[in-house]
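Here is what each chain is made of, one letter per residue.
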Amino acid sequence: MRYSQYFIPTVKETPADAEVVSHQLMLRAGMVRKLAAGIYSYLPLGLRSIRKVENIVREEMDKAGAIEILMPMVTPAELWEESGRWAQYGKELLRIKDRKDNQFCLGPTHEEVVTDIVRREIRSYRQMPLNLYQIQTKFRDEIRPRFGLMRGREFIMKDAYSFDVDEKGADASYEKMYQAYRRIFERCGLKFRAVEADTGSIGGNWSHEFMVLADSGEDAIVSCNNCNYAANVEKAESRVIKSAEHCEPRPLEKVHTPGKKSIQEVSDFLQIPAAATVKMLVVMADNKPVATLLRGDHDLNEIKLKKVIGCDELEMATDEVIAKATAAPVGFLGPIGQRLRIIADTTVKGMRNFIVGANETDYHLKNVNHERDFSITEYADIRNVTHGDSCPRCSGGMLEMWRGIEVGHVFKLGMKYSKALNATFLDPDGKEKIVFMGCYGIGIGRTVASCIEQNHDENGIIFPIPIAPFQCIISALNPKDDSVRLASEEIYAKLLALGLEVLYDDRDERPGVKFKDADLIGIPLRIVVGAKNLLEGRVELKHRRSGAMELLSIEEAVSSVNTIVKEALGI
Ligand code: 9G3
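Residues numbered from 1 in each chain as written. Predicted model: local features only at pLDDT ≥ 70, side-chain atom pairs only at ≥ 80, totals over all residues. Heavy atoms only, no water.

### Side note on the site of the ligand
With respect to spatial proximity, 16 residues lie near the ligand, and among them R85, T109, E111, R140 and G441 are the closest. Within the side chain of R85, a nitrogen or oxygen atom sits 2.7 Å from an oxygen atom of the ligand. Within the side chain of T109, one N or O atom sits 2.8 Å away from a nitrogen atom of the ligand. Mapped onto the shell around the ligand, the elements with two or more residues apiece are β8 (154–164) and β24 (436–443). (Near = heavy atom within 4 Å. Polar contact = N/O pair within 3.5 Å; in protein donor to acceptor, adjacent residues only side chain to side chain. Helix = DSSP H or I, 4+ residues; strand = E, 2+ residues; numbered from the N terminus.)

### Quick notes on the packing of helix α2 (residues 44–63) against helix α12 (residues 444–454)
The N-to-C vectors of α2 and α12 enclose an angle of 115°; their axes lie 9 Å apart at closest approach. As summarised for this structure, α2 and α12 are arranged roughly perpendicular, according to the angle between their axes. Crossing hand, α2 versus α12: right-handed. Between α2 and α12, the residues in contact are S49, I50, V53, E54 and V57 and I444, G445, T447 and V448, respectively. Among the residues making up the contact of α2 with α12, the classes are represented as five nonpolar, three polar and one charged. (Axes fitted to C-alpha atoms, helices over the stretch in contact; angles between N-to-C directions. Parallel < 35°, antiparallel > 145°, perpendicular 65-115°, else oblique. Left-handed = near helix turned anticlockwise from the far one by under 90°. Contact = heavy atoms within 4.5 Å. Nonpolar A, V, L, I, M, F, W, Y, C, P; charged D, E, K, R; others polar.)

### Observations regarding the pairing of strand β30 (residues 539–543)
Regular strands have side chains that alternate between both faces of the sheet. When you tally the buried positions in β30, you get four out of five residues, the bulk of the element. Sheet analysis places strand β29 (residues 525–529) next to β30, joined by four bridges and oriented antiparallel. Bridged to I527 within β30 is L541. Across four bridges, the pairing between β30 and strand β31 (residues 549–552) is antiparallel. Paired with L541 across the two strands is E550, which belongs to β31. If you look at the hairpin formed by β30 and β31, you'll find five residues sitting between the two strands, and G547 has a positive phi there, around 80°. (Buried < 20%, exposed > 50% of the residue type's maximum accessible area, 1.4 Å probe, protein only. Pairing = 2+ DSSP bridges.)

### Some points on the packing of α2 against helix α6 (residues 167–187)
Running from N to C, α2 and α6 cross one another at 150°; their axes reach a closest spacing of 9 Å. By the criterion of interaxial angle, the relationship of α2 to α6 is roughly antiparallel. α2 and α6 meet at a crossing whose hand is right-handed. Contact residues: I56, V57, E59, E60 and M61 in α2; M177, A180, Y181, R183, I184 and R187 in α6. Looking at the contact of α2 with α6, its residues break down into seven nonpolar, no polar and four charged.

### Points about unusual backbone geometry
Between M128 and P129 the backbone carries a cis peptide bond, its omega angle lying at 5°. If you trace the backbone, P129 turns up in the loop between α5 (111–121) and β7 (130–139). Not every positive phi belongs to a glycine, and Q271 is a case in point at roughly 55°. Mapped onto the fold, Q271 is located in the loop between α7 (263–270) and β14 (278–285). At E371, a position not held by glycine, the phi torsion is positive, near 70°. Among the structural elements, E371 can be located in the loop between β19 (363–368) and β20 (378–380).

### A word on the sheet that holds strand β16 (residues 314–316)
Strand pairing within a sheet occurs via backbone hydrogen bonds; the two strands may be parallel or antiparallel. What the five strands build is an open sheet, ordered β16-β14-β15-β17-β20; its pairing is mixed. Across the chains shown, the open sheet's two edge strands, defined by having one partner strand only, are β16 and β20. Neighbour-to-neighbour, the strand axes of this sheet turn through a mean angle of 35°, independent of strand direction. With three bridges connecting them, β14 and β16 associate as antiparallel partners. Residue pairing in the sheet places V283 in a bridge with M316 of β16.

### Some words on helix α1 (residues 21–28)
For α1, the tally of buried residues reaches seven of eight residues, placing the bulk of the element in the interior. Of all the positions in α1, only S22, H23, Q24, L25, M26, L27 and R28 are classed as buried. Buried residues along α1 sit against β1 (32–36), β2 (39–42), α12, β25 (456–457), β26 (460–461) and α14 (511–521). Of the residues one or two after α1, G30 is the one with positive phi, at around 70°.

### Some details on the sheet that holds strand β18 (residues 354–357)
One open sheet accounts for three strands, arranged β13-β19-β18; its pairing is antiparallel. Of all strands in the sheet, those bounded by a partner on one side alone are β13 (253–256) and β18. The mean angle between the axes of side-by-side strands here comes to 30°, regardless of whether they run parallel or antiparallel.

### Details of the packing of aromatic side chains
Tallying each qualifying case throughout the model produces 10 aromatic pairs. Judged by centre distance (5.4 Å) and plane angle (55°), the ring pair of Y178 and F210 falls under tilted. Of this pair, Y178 sits in helix α6 while F210 sits in strand β10 (residues 206–213); the two residues are 32 residues apart in sequence, bridging distant segments of the chain. Measuring from ring centre to ring centre gives 5.3 Å for Y181 and F210, while their planes differ by 55°; the resulting arrangement is tilted. One end of the pair, Y181, is in helix α6; the other, F210, is in strand β10, with 29 residues separating them in the sequence. Neither Y181 nor F210 differs from the other in exposure class; each is buried. We note R507 situated over the ring of Y3; from NZ or CZ to the ring centre the distance is 3.7 Å. (Phe/Tyr/Trp six-rings, centres within 6.5 Å; stacked < 30°, edge-to-face > 60°. Lys NZ or Arg CZ within 6 Å of the ring centre and 35° of its normal.)

Here it is as structure tokens:
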């Protein structure tokens, strides 16, 4: 591609409304433009990277035996009513009406549509296993679309759905997708981790997320430094901490703690570690107050708690609700004498002589012990694990914390959708059975964006070769000079003949402008053609990532680029 004939609107200044570096750089590199909140156009460079990821995904999905289809983006309400999700989802589901007043929604995911296809076409066990996938534009009306392609409202997703005759088959399909995902993200050149994850509202019983490691990531993940346990903190199990039952209970004591409300304030004031306190937090579970007890330095995990309670909605109680439900002043809340339902974190079970609020303004209680001072009937794992916790799977391992961006998610769905939509088949004995499902997603735009989060410097993007919009850029320093133009044209023609993807910067611009743009858009390899070096029959080959520069003959430069690219693509 000749730069002068192309469309790469780069921008010098960092756009003010872009919070994360991938969004800033994609705007500055002229890869995308915002049309409306969370809705983006892909300009040529952005589209080329998107297509690269799509093609890697397509190749690996095909290799894993999945079959590509394309479902409509506009989907009828009736299907969503059958699954119960028309009522379950609120405004995130963008609903529209046609001219006949029929209700539709823009597809946020396609479990319903694909299950409808399968229930109409699958009759016999012989037609399975079946795995159908598509690469398609989705719409979710997020309240706060952010971070450019990372959390847009309109986004491109690869979604796959597997159909099996039984759980064993479904497990095999899941495993195939899991392995395909590993290969996909490896081929994209990403540093990632597959972690155990919560299944969220989708239902089902097992899932893994594929997390790109990045400090800007929205998810906290942990991994064991000794075994291969890795999980999203939302899901990560805490190991029960050894109980301190041998510790003698000391006499209960009321202490004056004027104005000390937070755990930090109380522990500073009493000069004890936060881990010696127990905090009581009140939540509203389906509009009923429930109290929780946690070690002072631990955080409540609302997802775990929601599962323990088995409620649909869970939120922290407001001060007003707390005052009404506990008759205690906020900041001095404690479990003694409370009649609320109390769920305590398992860590609390092993604690002795701890500090709690006295249910009285400016007072806490010291040397509190359960059984003696109050009783807890329910213990459960309801806290977030933290850096340094013991691994729940192995002995001696320690959990390390990371931040990650979710780029893929695989779910064992079971029969949730096939049951609701009555997708059945006849087994070898002629008995009617319900299909077993799995679903598997990859955010295509998010994969490109997270790659940029991981691969950039102060000058711009540093694309890994497999998803770079072009593999090589030729910077002709003064294309008006005949020798420069001729040599550049020759290199351009030779690289194209080798099947390489080349951007030829033939613009009538100063070298500084060309170098800045080349760095910004992140093309991995650059051949600089200048009159001075040409006198010696040399051109420069510069590596974007390392900054390393070599002076080579035209032939050598061409052959070197060819070797590097083919090696990176594994061909
Ligand atoms: C909705 C809306 C938002 C949603 C969903 C449904 C997330 C929804 C989860 C999934 C699960 C899998 C297939 C590919 C892999 C992921 N947000 N999810 O189901 F109606 Cl408005 O999408 N789907």
